[in-house]
Each structure stands twice: as structure tokens, then as C-alpha cells.
Amino acid sequence: MLGRICVAHAASRNSVSPHRGSGVRVRNPLWSHRNGSSHRIGSSCSGAKQPTLVLLDRDGVLNYDVGTPGVLTVGDFSLLPGAAQAVARLKRHGAVVCVCTNQTCVGKGLISQTRLDEIHDHMRVLLIQQGGPDAVLDGVFVATTSTDEECDRRKPAPGMVLEAVRTHGFEGDEKNVTFVGDTVHDAQAAYNAGVPNRITVGTGHGQEVYEALREAHGGEVEGDKKWTVFVVNYFCDIPHAWLAPETLPITVVADIAAAVEVIVTGIKDSNEGVDVV
């Protein structure tokens, strides 16, 4: 059972009031609270955009998760609806956008590194074909070791995320980094790397937790449920396969398009919080 959940609707993102009576505030992935002050990621007092790094998991976030043993050929790879357009929107907003993905199929000997590179070349082509010239990734970071090998890069370990952060100059500036994933391991890798802005999408492995939140609380928000944003601050008891306590607060949304809506426009503090006992 969820211990405490805040629910906000995108239509109310301009509200800045706390949820009355509960002490719960909707967490905005674009806002970082430091030393009692609030800093909006992607903006400054002068109105100029600050650099923002958005790290995306691959399977279940950008493309359909085909299940075990994973995408083994170019033909297995298909972008999820709206994924290319979401990447393009981030790029137009000035974000640096990278993929961070575990591909243990290489370490298991199911495909070669060359084949994986071909799949990622195909991914880049599809992004531009479907999202236009703006839908260009700034990097693809991959952990290829099999799950029976120790590895400090493979999620939930932080190495691959840290590598992306360092490569693009965000070391020491993690407040301006957001990780979008669909699994517990994605959120844990972000947490372990010191990335404070974590979003789980309701596609791929994230579908179960998103649908559970919608079933429990979706009726309390009017309008298009696709744009419902759940911010889980803490809980008393929840199946460990859904969310990990150390990764809270975490934002849960329908898909990558909704995640980008949160990143680009922000979902500010809302009155529409929900306490669950």
C-alpha cells in the first residue's frame, strides 16, 4: 500500500500552493531546493536557459521492450509513439539528451558489439525520420556486461550515469540532471550517481506502477489522464519490485512525452495532493 502520494494534473502546473493539511508538496523535477532556496533547472533570474542534461533509458522508454533476451536485430527495434518527438522537444528546449542502457545481450554472447552499434545507428535514423532534424541524441552510453559479472557501470550501479554526467560537464551540477527510466534499477542508478531528478514512465516495466497509481487516484484528477503526474514522496509499504524507498521522491508519468512535459514546463506545487493510509 502506498504510504503517501501527491497527485497533480498538468493543467494545474501554475499553482504554487502546498496541499493544505497534509504537509505534502508536489515535487517538481525542474526545481531543486538547496539551503532553503529554490532553483529552477533550465532557467535563471535573468530568464536565460541553463544547460540541462536528460538521461534516458532505452528499452521501455524510447522503444518497445520486447522482453527477454532483448533487441537482438535491427528489426526488433521500434520506437514508442511520441518518443522521437519528445527527444526533439528536449533538444529545442536546449537540453543535452543521452541514452543510458544496459545491454547484457552482448556480455551473454547473444549479439556482438558491432550488431549493437548497428541497432543504435538505426535508432538514431528512426529518431530523425519520426521526430525531424532536432531529434538528435548527444550520446549513447551502454553497459554490456552480463548479469553474472560484477560491474560498476551496469545499472543499478552508478558508473554509466556518472560517465554521462562527467562527459557532458555536469559533474558538481547534478541538480540540472534528470534521469527518465522505467525500472527500479534506473531510479537506483540515478540515485546512486547523485541525480536528484528521477522520473519513471508508465511504459515498459513502469506500466504496472503507473496503472496502480491511476487506478487508486486517477479519478481524483479531472481531464486527460495521460497528463496526470504522480509524485511519490514516501510510503509505508509497497512491493519492492515497483519502487525503491531510497529513490523517493520520484515522479511517475504515462510515457516519455509526459516526462518531457514535466521537464520542459514543470509541475509545480499543487493543492491536489492525496494522503494514503
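The rules behind each value
- Residues numbered from 1 in each chain as written.
- Predicted model: local features only at pLDDT ≥ 70, side-chain atom pairs only at ≥ 80, totals over all residues.
- Heavy atoms only, no water.
- Phe/Tyr/Trp six-rings, centres within 6.5 Å; stacked < 30°, edge-to-face > 60°.
- Helix = DSSP H or I, 4+ residues; strand = E, 2+ residues; numbered from the N terminus.
- Buried < 20%, exposed > 50% of the residue type's maximum accessible area, 1.4 Å probe, protein only.
- Salt bridge = Lys/Arg side-chain N within 4 Å of Asp/Glu carboxyl O.
- Contact = heavy atoms within 4.5 Å.
- Arc of directions from axis to C-beta.
- Pairing = 2+ DSSP bridges.
- 1 Å grid on protein atoms, 1.4 Å probe; cavity = no way out; pocket = protein on both sides within 12 Å on 5 of 7 lines; lining within 4 Å.
- Points joined across faces, edges and corners; volume = space filled by probe spheres on them.
- Nonpolar A, V, L, I, M, F, W, Y, C, P; charged D, E, K, R; others polar.

1. Here's the deal with the packing of aromatic side chains
Point 1. By the definition in use, this model includes one aromatic pair.
Point 2. Considering the side-chain rings of Tyr-210 and Phe-230, the 5.9 Å spacing of their centres and the 75° angle between planes classify their relative orientation as edge-to-face. One end of the pair, Tyr-210, is in helix H6 (residues 207–217); the other, Phe-230, is in strand S9 (residues 228–234), and 20 residues separate them in sequence.
Point 3. Tyr-210 gets classed as buried once you look at its relative accessible area, which sits at 2%.

2. Concerning the pattern of salt bridges
Point 1. A complete count under the given rule lists nine salt bridges for this structure.
Point 2. Its salt-bridge partner being Glu-163, residue Arg-153 comes within 2.8 Å of it at the nearest N-O pair. With Arg-153 in the loop between strand S6 (139–143) and helix H4 (159–167) and Glu-163 in helix H4, this residue pair connects regions lying ten residues apart in the sequence.
Point 3. Arg-153 sits in the partly exposed class, given a relative accessible area of 24%.
Point 4. With a closest N to O distance of 2.8 Å, Lys-155 and Asp-186 form a salt bridge. Taken together, the residues span a long stretch of sequence, with Lys-155 in the loop between S6 and H4 and Asp-186 in helix H5 (residues 184–192) at a distance of 31 residues.
Point 5. Overall, the relative accessible area of 3% leaves Lys-155 in the buried class.

3. A look at helix H1 (residues 83–92)
Point 1. The set of residues buried in H1 consists of Ala-83, Ala-84, Ala-86, Val-87, Ala-88 and Leu-90.
Point 2. Those residues of H1 that are buried lie in contact with strand S4 (52–56), strand S5 (95–102), helix H3 (113–131) and helix H7 (256–265).
Point 3. Taken from the residues just after H1, Gly-94 is the one with a positive phi, measuring 95°.

4. Thoughts on H6
Point 1. Listed as buried for H6 are Val-209, Tyr-210, Leu-213 and His-217. Down the axis of H6, the smallest arc covering the buried residues is 100°, so these residues share one side. What points out from H6, more than 90 degrees from its buried face, is the exposed set Glu-208 and Glu-215.

5. Some details on the pairing of S5
Point 1. Within S5, seven of the eight residues are buried, which leaves the element mostly enclosed by the surrounding structure.
Point 2. Inspection of the sheet shows S4 paired to S5 by five bridges, in the parallel sense. Bridge assignment links Leu-56 to a residue of S5, and that residue is Val-99.
Point 3. Sheet analysis places S5 next to S6, joined by five bridges and oriented parallel. Residue pairing in the sheet places Thr-101 in a bridge with Val-142 of S6.

6. Some thoughts on the layout of surface pockets
Point 1. Taken as a whole, the largest pocket encloses approximately 670 Å³ of empty space.
Point 2. Along the wall of the largest pocket there are 26 residues; nearest its centre are Asp-59, Asp-65, Asn-102, Thr-104 and His-205.
Point 3. Considering each element in turn, the lining of the largest pocket owes the most residues, three residues, to H5.
Point 4. Here the residues of the lining of the largest pocket are counted per class, giving seven nonpolar, eleven polar and eight charged.

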